[in-house]
Amino acid sequence: MSKVWFITGAGSGIGAGIARAALKGGDRVVVTARNLDRARNALRDIANEHLAFVRLDVSDEAQAKAAVAEALKRFGRIDVAVNNAGYSVLGNFEEMTTAEIEREFATNFYGVTYVMRAALPVMRKQRSGHIINISSLAGLVGFKHCSAYGATKFAIEGLSLSVAMEVAQFGIKVTVVEPGFFRTDLLDARNIRWSSNAIDDYAAEGNVQETWSAYHGKQSGDPARLGDAVVKLAAMENPPRQFLAGSDALSLISPALEARLKEIGTYEALSKSTDGKFQEG
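Rules behind the numbers
- Residues numbered from 1 in each chain as written.
- Predicted model: local features only at pLDDT ≥ 70, side-chain atom pairs only at ≥ 80, totals over all residues.
- Heavy atoms only, no water.
- Phe/Tyr/Trp six-rings, centres within 6.5 Å; stacked < 30°, edge-to-face > 60°.
- Helix = DSSP H or I, 4+ residues; strand = E, 2+ residues; numbered from the N terminus.
- Expected span 1.5 Å × (residues − 1).
- Buried < 20%, exposed > 50% of the residue type's maximum accessible area, 1.4 Å probe, protein only.
- Axes fitted to C-alpha atoms, helices over the stretch in contact; angles between N-to-C directions.
- Parallel < 35°, antiparallel > 145°, perpendicular 65-115°, else oblique.
- Left-handed = near helix turned anticlockwise from the far one by under 90°.
- Contact = heavy atoms within 4.5 Å.
- Nonpolar A, V, L, I, M, F, W, Y, C, P; charged D, E, K, R; others polar.

Draft legend 1. The packing of aromatic side chains, seen in detail. What the rule picks out here adds up to three aromatic pairs. Ring centres of phenylalanine 105 and phenylalanine 109 lie 6.4 Å apart, and the angle between their planes is 70 degrees; this geometry places the pair in the edge-to-face category. Three or more aromatic residues joined by ring pairs make a cluster, and in this case those are Phe105, Phe109, Tyr110 and Tyr114.

What follows is the structure in structure tokens.
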């Protein structure tokens, strides 16, 4: 049976890649984006009655509820909800304003929670469904200049793994996808945001914007191929709860995990020294 997909941030990159792959597989897709003209342009070569466009700013909870309701009105159900919408503020943590960090969380984390809270009641009623949250390698390991972005992705990891245990009883699956570096618009000048305060002590390391802008368009990951992989995940009876995407992600995470395990072992005695026998009263 064909599936109905609800995809946020589908105006470009990974979101558009997933939409194309799902449509290619014969599924129906609700594409959501803040800028629908951009989303339609990204999929302009697809004329398909199985494709619907709904405007959605994920940082607005009311819009998330309305978009899910519109999806149900159009196709009657939601089988897969993909939370892909997001952007990045890059810079040294001290050089970011509180407002910049809060706006990043409003889209990257609270946007995910709003869509999940709108979609989960639908899936509970169906007694089936699959939430796929697009995180990042930055949600598993720290990267310089990515403190705010990484914090939102670490939060998505914890949210996804916890909710997965709560909703499994209703036949709902949750997978968090952790892409490495993909050729998306994340670093595009139209989307990226840079920390607004300059602190002289950090200047010796060079210009943050120049450092990261040099990667744009040169990343090894292909959004179209990731789209194909996500469709395969959605077809699995028992999909993974965490999925690393890209050879760069695989090569970076292994030594990071090994280093963490080594550090845990180094301080094992100190960790155990915090135990104490419980005594009532």
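Still to come is the rest of the account.
Draft legend 2. Layout of helix α1 (residues 13-24). Over its twelve residues, α1 runs 17 Å from end to end, which matches the ideal 16 Å to within 8%, given 1.5 Å per residue. Taken across its twelve residues, α1 has nine buried, putting it largely inside the fold. The complete set of buried residues in α1 reads Ile14, Gly15, Ala16, Gly17, Ile18, Ala19, Ala21, Ala22 and Leu23. Downstream of α1 by a residue or two, glycine 26 has a phi angle that is positive, lying close to 90 degrees.

Draft legend 3. Spatial organisation of the packing of helix α5 (residues 110-126) against helix α6 (residues 147-167). For the pair α5 and α6, interaxial distance at closest approach is 12 Å and the crossing angle is 15 degrees. When the interaxial angle is binned, α5 and α6 end up roughly parallel. Seen along the crossing, α5 lies across α6 with a hand that is right-handed. In contact with Val112, Thr113, Met116 and Leu120 of α5, α6 contributes Ile156, Leu159, Val163 and Val167. In terms of residue class, the contact of α5 with α6 is made up of seven nonpolar, one polar and no charged.

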